[in-house]
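# An overview of the molecular structure
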Amino acid sequence: MTPEATLAKYYAERAPYYERVYHKPERQSDLRRLRVWVAEAFAGKIILEIACGTGYWTELISHNAASVVALDFNEEVLAYARQKPCAPGKVTFMQGDAFALPHLPRIFDAALAGFWWSHIPKSRLRPFLKGLHDALQPGALVMFFDNAYVEGNSTKLVSRKDSDGNPLSHCDGDGNTYQERVLDDGSLHQIVKNFPEAEELRETLAGSASEIEIQFLTYYWVLTYRTRRS
Ligand SMILES: C[S@@+](CC[C@H](N)C(=O)[O-])C[C@H]1O[C@@H](n2cnc3c(N)ncnc32)[C@H](O)[C@@H]1O
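First, a word on scope: everything that follows refers to the structure included in this document.

Definitions and cut-offs
- Residues numbered from 1 in each chain as written.
- Predicted model: local features only at pLDDT ≥ 70, side-chain atom pairs only at ≥ 80, totals over all residues.
- Helix = DSSP H or I, 4+ residues; strand = E, 2+ residues; numbered from the N terminus.
- Rg over C-alpha atoms; globule rule 2.2 N^0.38 Å.
- Buried ≥ 20, exposed ≤ 12 C-beta atoms within 10 Å, placed from the backbone.
- Contact = placed C-beta atoms within 7 Å.
- Expected span 1.5 Å × (residues − 1).
- Arc of directions from axis to C-beta.
- Near = placed C-beta within 6 Å.
- Nonpolar A, V, L, I, M, F, W, Y, C, P; charged D, E, K, R; others polar.

### Comments concerning the overall build of the chain
When helices and strands are counted, the chain shows 6 helices and 12 strands. The C-alpha radius of gyration computed for the chain amounts to 17 Å, which stays within 12% of the reference 17 Å derived for 230 residues, consistent with globular compactness. Counting all 230 residues of the chain, 31% fall into the buried class. A sequence separation of at least 24 residues applies to 59% of the contacts in the chain between residues at least 6 apart.

### Quick word on helix α1 (residues 3-14)
The end-to-end C-alpha separation of α1 is 16 Å, in line with the 16 Å expected for 12 residues at 1.5 Å each. L7, A8, Y11 and R14 are the residues of α1 that are buried. With its buried residues spanning 135° around the axis, α1 presents them on a single face. Of the surrounding secondary structure, the elements contacted by the buried residues of α1 are α4 (75-81) and β10 (188-192).

### Observations concerning the environment of G96
Within the secondary structure, G96 sits in the loop between β3 (91-95) and β4 (108-114). Overall, G96 belongs to the partly exposed group, with 16 C-beta atoms counted inside 10 Å. A C-alpha to C-alpha distance of 9.3 Å links G96 and E75, two positions 21 residues apart in sequence. Beyond its immediate chain neighbours, meaning those up to four positions away, G96 contacts L71, F73, L101 and P102.

### A word on the site of the ligand
Close to the ligand lie 19 residues; Y11, A51, G53, A98 and G114 are nearest. Breaking the shell around the ligand down by element, the ones donating at least two residues are α1 and α3 (56-62). In terms of residue count, the dominant contributor to the shell around the ligand is α1 (4 residues). Residues belonging to the shell around the ligand are distributed by class as follows: 13 nonpolar, 3 polar and 3 charged.

Written as structure tokens, this is what we have:
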């Protein structure tokens, strides 16, 4: 199976209890800050959300947004997202592949992707961003946020952990790091989970973004920028 297929299968199986990740007590302070930023940043926007999962962020942004198209590869997570108390008439959930976006109903002035960047193999980052930016107006607002990692001994990969405490199992030839995740049924899934530093985020966006801002909280990093205006 490709890393992308492994990832999709992992999240399909994790769907019923994915949102446990938002109940971790130690993260609540960061999460409150992030929720305020996200709700404020996307007020009034026509939003494309990539890899929306169970709709945790979709519901939040729906209340102040003009409209939201929220896309995910897995019907298993979309089934939960469709149950969320989103603002009536504003949200369309769609099945689709972030790496090959389907025909979308309109052009957007904003995009959001939570906890998705870290799962994109490095070789696919720029093509993914090109596809995303092609779906947006020039000067659109884009926000990504994701897990920060807890630095251990930087020379020993196995001692690096993400903010869930998951150790990184290995690194491939492209510099992607992998985690071994265990689901409730005991199944083991080896998935791409990268922890870019600010410089790498900036380099990846070079030439295609302006007004880049990056903030690191304790458990999360947050990236916002504008797509090129010409
Ligand atoms: C870490 S979850 C994030 C969910 C949601 N954004 C959140 O923050 O709660 C990653 C999501 O990516 C989705 N996914 C995996 N591969 C995908 C692909 N190729 N295209 C779109 N979504 C994909 C999974 O189904 C999963 O819902």
